[in-house]
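# Structural overview for review
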Amino acid sequence: MAVKGLDGVDGVRGALAHYHHRPTRTVAADEVRRRVAHAWLSYEHAHYAQLLRALPALLDAAHATPTLLVCAYRITAGVLVKLDEPDLAWLAADRAVAAGGDPVGVGAATVSVAQALRALGRDRLALTAAVAAAGTAADVRVRGTLLLQAAMAAAGCGDYRRAADLLGHADALADRRMGSDDPHHTAFGPTAVLLARFLVALRLGDTDLALRHHRTAVRRDDWSLLPAEHRAAHLVDAARAHLDSGDSTEAGRALADAHVIAPGEIRCRTAARTLIVEIAHRGPAAAGVARLADLIGLSRA
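Starting from 1, residues in each chain are numbered consecutively following that chain's sequence as written. Residues qualify for local features only when their pLDDT is at least 70, as the model is predicted, and side-chain atom pairs are given and counted only at 80 or more; totals for whole chains, interfaces and linings, by contrast, use all residues. Water and hydrogen atoms were dropped before computing side-chain values, which therefore reflect all heavy atoms in the structure.

Helix and strand definitions follow DSSP, with helices as H or I runs of at least four residues and strands as E runs of at least two, each counted in order from the N terminus. Counting its secondary structure elements, the protein chain contains 16 helices and 0 strands. Counting only C-alpha atoms and orienting by the principal axes, one finds that the protein chain spans roughly 60 × 40 × 35 Å. Exposure categories follow from relative accessible area, calculated using a 1.4 Å probe and restricted to protein chains: below 20% of the type maximum is buried, above 50% is exposed, and the middle band is partly exposed. Put simply, the protein chain has 301 residues, and 50% of those count as buried. Across the protein chain, every contact between residues at least 6 apart in sequence was considered, and the portion connecting residues at least 24 apart equals 64%. For the accessible areas, the method is Shrake-Rupley and the probe is 1.4 Å, while residue cover comes only from the protein chains on display. Carbon and sulfur atoms provide 52% of the accessible area of the protein chain, an area that totals close to 13800 Å². If you average the places of the 35 positive and of the 32 negative side-chain charges in the protein chain, the two averages end up 1 Å apart. Any pair of residues with heavy atoms lying within 4.5 Å of one another is described as a contacting pair. The positive count covers Lys and Arg only, the negative count covers Asp and Glu only, and His and the chain ends enter neither. One atom stands in for each charge, and that atom is NZ of Lys, CZ of Arg, CG of Asp or CD of Glu.

Over its 16 residues, helix α2 (residues 29-44) runs 22 Å from end to end, which matches the ideal 22 Å to within 8%, given 1.5 Å per residue. Within α2, burial applies to Val32, Val36, Ala39, Trp40, Ser42, Tyr43 and Glu44. In the core, the buried residues of α2 are packed alongside α3 (48-61), α4 (66-82) and α12 (228-244). After α2 finishes, the residue Ala46 shows a positive phi value of roughly 60°. Expected helix span is computed as 1.5 Å times (number of residues minus one).

The next subject is the environment of Val260. Looking at the element boundaries, Val260 is found in helix α13 (residues 248-261). Taking the C-alpha atoms as reference points, Val260 and Ala232, separated by 28 residues in sequence, lie 8.5 Å from one another.

Right, let's talk about the packing of helix α6 (residues 103-119) against helix α7 (residues 123-134) for a bit. Working convention: axes come from line fits to C-alpha atoms, limited for helices to the stretch in contact. Angles between N-to-C directions cover 0 to 180 degrees. Remark: α6 packs on α7, axes separated minimally by 8 Å, with the N-to-C direction vectors making an angle of 170°. One way to sum up the angle between α6 and α7 is to call them roughly antiparallel. Of the residues in α7, those in contact with Gly107, Thr110, Ala114, Leu117 and Arg118 of α6 are Asp123, Leu125, Ala126, Ala129, Ala130 and Ala133. By the definition adopted for this analysis, an angle is roughly parallel if under 35 degrees, roughly antiparallel if over 145, roughly perpendicular if from 65 to 115, and oblique otherwise.

When a carboxyl oxygen of Asp or Glu lies within 4 Å of a side-chain nitrogen of Lys or Arg, that pair is called a salt bridge. In total, this model carries 14 salt bridges according to the counting rule given. Glu265 is paired through a salt bridge with Arg269; the nearest N and O atoms lie 2.5 Å apart. For the residue pair Glu265 and Arg269, the accessibility class agrees, reading buried in each case. By sharing partners, the salt bridges in this structure join Lys82, Glu229, Glu265 and Arg269 into a single network.

Mapped onto the elements, Leu120 comes out in the loop between α6 and α7. The sequence separation of Leu120 and His47 amounts to 73 residues, and the corresponding C-alpha distance is 23 Å. Setting aside residues up to four positions removed in sequence, Leu120 forms contacts with Pro86, Asp87 and Trp90.

Close contact between helix α1 (residues 8-17) and helix α5 (residues 86-100) brings their axes to 11 Å; oriented N to C, the two are set at 40°. Relative to α5, the element α1 is oriented oblique. Along this stretch, α1 crosses α5, giving a crossing that reads as left-handed. Residues Val9, Arg13 and Leu16 of α1 pack against Leu88, Leu91, Ala92 and Arg95 of α5. Note: crossing handedness is left-handed where the near helix turns anticlockwise from the far helix by less than a right angle, and right-handed where it turns clockwise.

Turning our eyes to something else, we now look at the nonpolar core. In these notes, a set of buried Ala, Val, Leu, Ile, Met, Phe, Trp, Tyr and Cys residues joined through side-chain atoms within 4.5 Å is what counts as a nonpolar core. If you look at the biggest cluster of nonpolar residues, it comprises 100 residues, and the most contacted ones within it are Val79, Leu255, Ile266 and Ile276. Sequence-distant contacts of Ile266, that is, excluding residues within four places in its chain, are made with Val236, Leu255, Ala258, His259, Ala272, Arg273, Ile276, Leu292 and Ile296. Counting 6 residues, the second largest nonpolar core, distinct from the first, contains Phe198, Ala201, Leu211 and Ala238.

Rendered as structure tokens:
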């Protein structure tokens, strides 16, 4: 199901094609830093259409500041994965790695590489890249996030034992006392590990176990501390799990909750919109989803 109104992808594609061109106007580092911070906020609140419009100029402005360029490319890769453009996402993520410089920067960029490769169905490559980067990443949050990406990639390869081992290592890191500072925007912590356990179980076909992890995660005190995008994206995945288990009512509730948390995650993502149509066609129990379908302009026909 095509998503209308996100033609900004072409602008991002053009910016990625002309990355070797030097910017015609130098932007002060403080201004670029402010723009990057705003772009992270836009991404974390699922303001994807707005973000797409801003990214070409941001990539141009950040060209002279490698640490900020890494962030700009990572944000670009993240939104492109969301919008079903994994090839472009992989290109942006690879550029982030090239600009990374130090092991932590490269590690953070490799998180984006792993996400893009998984979206491309290249789980074996994602596993290899994430494990290699985790071995050198000094930042605990970055290392833990790489292990989660590796675990989900292992599940994509059907390797339950490897996935469980990687999740165990990530869990051990998440149990360490970490401050609230998250400069690399990983959202890593105990709840993030639970959400990865959910995805691993779902990928391996154990829907019941996946939903148990889901229920535990959303009841945790730190659930609300995750970025809105992260929570809403998880709820979309949970809706799929509920639907697969035959519970369209809970699936609809999960989507409605996701829309409250981050409307862009529902309005802009094909996976979410497809789920709404599927649930709405199931009958009266999905009346709330039918209202959501009307709200975002989806036809029930």
